[in-house]
Amino acid sequence: MSYNVRSFNRFQWLEDKNVSSSIENFINGTNADVVCFQEFSKDEAPGFNNYPYQVFKPYLPSGKIGLSIISKYPLTNSKGISFEGSQNGGMQSDLIWKKDTLRLYNLHFESFRLNREDSLISSNYSEKIRRKLQAVFDIQNEQVHYFKNLAYSNPYPEIICTYLNNNAFSKPYKLLSGSRFDSFKEAGAGLGATYYFSILPLRIDFIFTSKDLRVIDYKTHKVKLSDHRPISAKLTKG
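The rules we used
Residues numbered from 1 in each chain as written. Predicted model: local features only at pLDDT ≥ 70, side-chain atom pairs only at ≥ 80, totals over all residues. Heavy atoms only, no water. Helix = DSSP H or I, 4+ residues; strand = E, 2+ residues; numbered from the N terminus. Rg over C-alpha atoms; globule rule 2.2 N^0.38 Å. Buried < 20%, exposed > 50% of the residue type's maximum accessible area, 1.4 Å probe, protein only. Contact = heavy atoms within 4.5 Å. Areas by Shrake-Rupley, 256 points an atom, 1.4 Å probe, with all protein chains shown as cover. Lys, Arg positive; Asp, Glu negative; His and termini not counted. Charge placed at Lys NZ, Arg CZ, Asp CG, Glu CD. Pairing = 2+ DSSP bridges. Phe/Tyr/Trp six-rings, centres within 6.5 Å; stacked < 30°, edge-to-face > 60°. Salt bridge = Lys/Arg side-chain N within 4 Å of Asp/Glu carboxyl O. 1 Å grid on protein atoms, 1.4 Å probe; cavity = no way out; pocket = protein on both sides within 12 Å on 5 of 7 lines; lining within 4 Å. Points joined across faces, edges and corners; volume = space filled by probe spheres on them. Polar contact = N/O pair within 3.5 Å; in protein donor to acceptor, adjacent residues only side chain to side chain. Core = buried A, V, L, I, M, F, W, Y, C linked by side-chain atoms within 4.5 Å.

1. Notes on the overall build of the chain
What the chain contains, in helices and strands, is five helices and 14 strands. In summary, the chain has a C-alpha radius of gyration of 17 Å against a globular reference of 18 Å for 238 residues, a match within 12%. Overall, the C-alpha framework of the chain stretches about 55 × 40 × 40 Å when taken along its three principal axes. Counting the 238 residues in the chain, one finds 48% classified as buried. Of the contacts formed within the chain by residues at least 6 apart in sequence, a portion of 61% connects residues at least 24 apart. A total accessible area of about 12,400 Å² is found for the chain, and carbon and sulfur atoms account for 48% of it. Within the chain, the 23 negative side-chain charges are centred at a point lying 3 Å from the centre of the 31 positive side-chain charges.

2. Description of the pairing of strand 3 (residues 53-58)
When strand 3 meets strand 4 (residues 65-71), the two strands line up antiparallel, connected through six bridges. Pairing of valine 55 across the sheet is with isoleucine 69, part of strand 4. Linking two consecutive strands that pair antiparallel, namely strand 3 and strand 4, is a turn of six residues; a positive phi of about 65° is found at serine 62 within it.

3. Some points on the packing of aromatic side chains
Under the counting rule described, the total for this entry stands at 16 aromatic pairs. Note on phenylalanine 83 and phenylalanine 109: the rings are 5.4 Å apart at their centroids and 15° apart in plane angle, and the pair reads as stacked. Here phenylalanine 83 is found in the loop between strand 5 (75-82) and strand 6 (89-97), whereas its partner phenylalanine 109 is found in the loop between strand 7 (100-108) and helix 3 (127-151), with 26 residues between them in sequence. As far as burial versus exposure is concerned, phenylalanine 83 and phenylalanine 109 are alike and both buried. Between phenylalanine 206 and phenylalanine 208, the ring centres sit 5.5 Å apart and the planes meet at 15°, which makes this aromatic pair stacked. Neither phenylalanine 206 nor phenylalanine 208 differs from the other in exposure class; each is buried.

4. Comments concerning the pattern of salt bridges
Under the criterion given, the structure shown has six salt bridges. Residue aspartate 100 is joined to lysine 237 by a salt bridge in which the shortest nitrogen-to-oxygen separation is 3.3 Å. One end of the pair, aspartate 100, is in strand 7; the other, lysine 237, is in strand 14 (residues 231-237), and 137 residues separate them in sequence. Glutamate 158 is the partner of arginine 180 in a salt bridge, and the nearest nitrogen-oxygen pair spans 2.4 Å.

5. Side note on the sheet that holds strand 6
To summarise the sheet geometry, strands pair through backbone hydrogen bonds and adopt either a parallel or an antiparallel arrangement. The strand order across the open sheet formed by six strands is 5-6-7-8-12-9, and the pairing between neighbours is mixed. Unpaired on one side and paired on the other, strand 5 and strand 9 (181-182) mark the two borders of the sheet. Bridging between strand 6 and strand 7 involves nine bridges; their strand directions are antiparallel. Bridged to aspartate 94 within strand 7 is arginine 103.

6. Points about the environment of arginine 10
By secondary structure assignment, the location of arginine 10 is in the loop between helix 1 (6-9) and helix 2 (19-30). The contact partners of arginine 10, leaving out residues within four places of it in the chain, are Ser41, Glu44 and Ile65.

7. With respect to the layout of surface pockets
Space inside the second largest pocket adds up to approximately 730 Å³. Those elements giving two or more residues to the lining of the second largest pocket turn out to be strand 2 (34-41), strand 6, strand 7, strand 8 (158-163), strand 13 (213-220) and strand 14. Among the elements that line the lining of the second largest pocket, the one with the most residues is strand 14, at six residues.

8. A closer look at the side chain of threonine 194
Positionally, threonine 194 belongs in the loop between helix 5 (183-187) and strand 10 (195-197). Under the relative-accessibility criterion, threonine 194 is labelled buried at 1%. At 2.5 Å, the side chain of threonine 194 forms a polar contact with the side chain of aspartate 205. With near-sequence residues (within four places) excluded, threonine 194 lies in contact with Leu202, Arg203, Ile204, Asp205, Thr220, Asp227, His228, Arg229 and Ile231.

9. Describing the nonpolar core
In terms of nonpolar packing, the biggest core is built from 18 residues, with Ile69, Leu75, Leu95, Leu104 and Ile159 touching the most fellow members. Those residues within four positions of leucine 75 in sequence are excluded, and the remaining contacts are Tyr53, Val55, Ile69, Ser93, Asp94, Leu95 and Leu104.

Shape is all these values report; function is a separate question.
Listed below in C-alpha cells is the structure:
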C-alpha cells in the first residue's frame with residue numbers, strides 16, 4: 001500500500017480528532033503486508049503495533065516529517081534519498097520475503113504548493129501560473145533522472161511507491177514508468193483518482209513494479225482521512 005497521510009491531520013484540516021487512530025484501524029483492516037507513507041509525522045503517528053518492522057526517514061536532517069515504511073516482513077539496508085535543494089525526498093529499504101529480497105522505494109517528488117487561487121480551470125489561469133508549473137516540472141524531471149541513475153544498479157525485483165505530484169500524461173511519469181509496470185494499468189479500474197484539485201480528479205500517486213513481478217489486483221481506497229486516497233496492489237512473482 002502507498003498512502004500520503006498529510007501528517008495525520010497535524011494542522012487539523014479535517015474536523016475528525018481521531019485521524020491517526022482511524023488510519024491505523026483502516027490499515028489493520030486491509031491486512032496490508034507493507035505500507036509506504038508519504039508526509040509522515042512522527043509526533044502524530046500511531047504505533048502501528050501490527051507491524052514489527054518500521055523505518056522512518058525525514059525529508060530534512062533532524063526533521064520530524066518525512067517518509068516511512070512499515071512491514072510484517074523484515075526490512076534491511078534502509079537509506080534516505082535526498083533531492084538537492086528540495087524539501088521532498090525518498091527512501092529505500094530491502095524487504096526479506098521468504099528466501100527472496102525485494103527492493104522497496106518510497107518517493108515524494110517536488111511539490112507544486114498551489115493554493116485555491118491557483119485554480120487550473122478558471123479564467124485566472126495566468127502566465128505566472130504556467131511559469132510556476134513549468135519550473136516544478138523541470139525540477140521533477142531532474143529528480144526522476146537522479147533516481148533512475150540511483151536505481152540502475154539495483155539487483156533485486158523492485159517496488160516503487162510514489163507521490164509523483166504529476167499525472168500519467170507527464171514527462172516525469174513517462175521517465176519513471178518506461179521499463180516498469182504501472183500497477184493501476186495492470187489491474188485497476190475506473191479513473192483511479194487519488195487526489196482532487198478543486199473538482200479536478202487526478203491520479204498522482206502510483207505503485208510501479210519491475211517486470212519480474214506480476215500485478216494481480218489493484219485498489220484505490222475511498223477513505224477520507226487525508227487529502228489523498230491510499231492505493232494498494234497485490235503482487236506475485238512473475
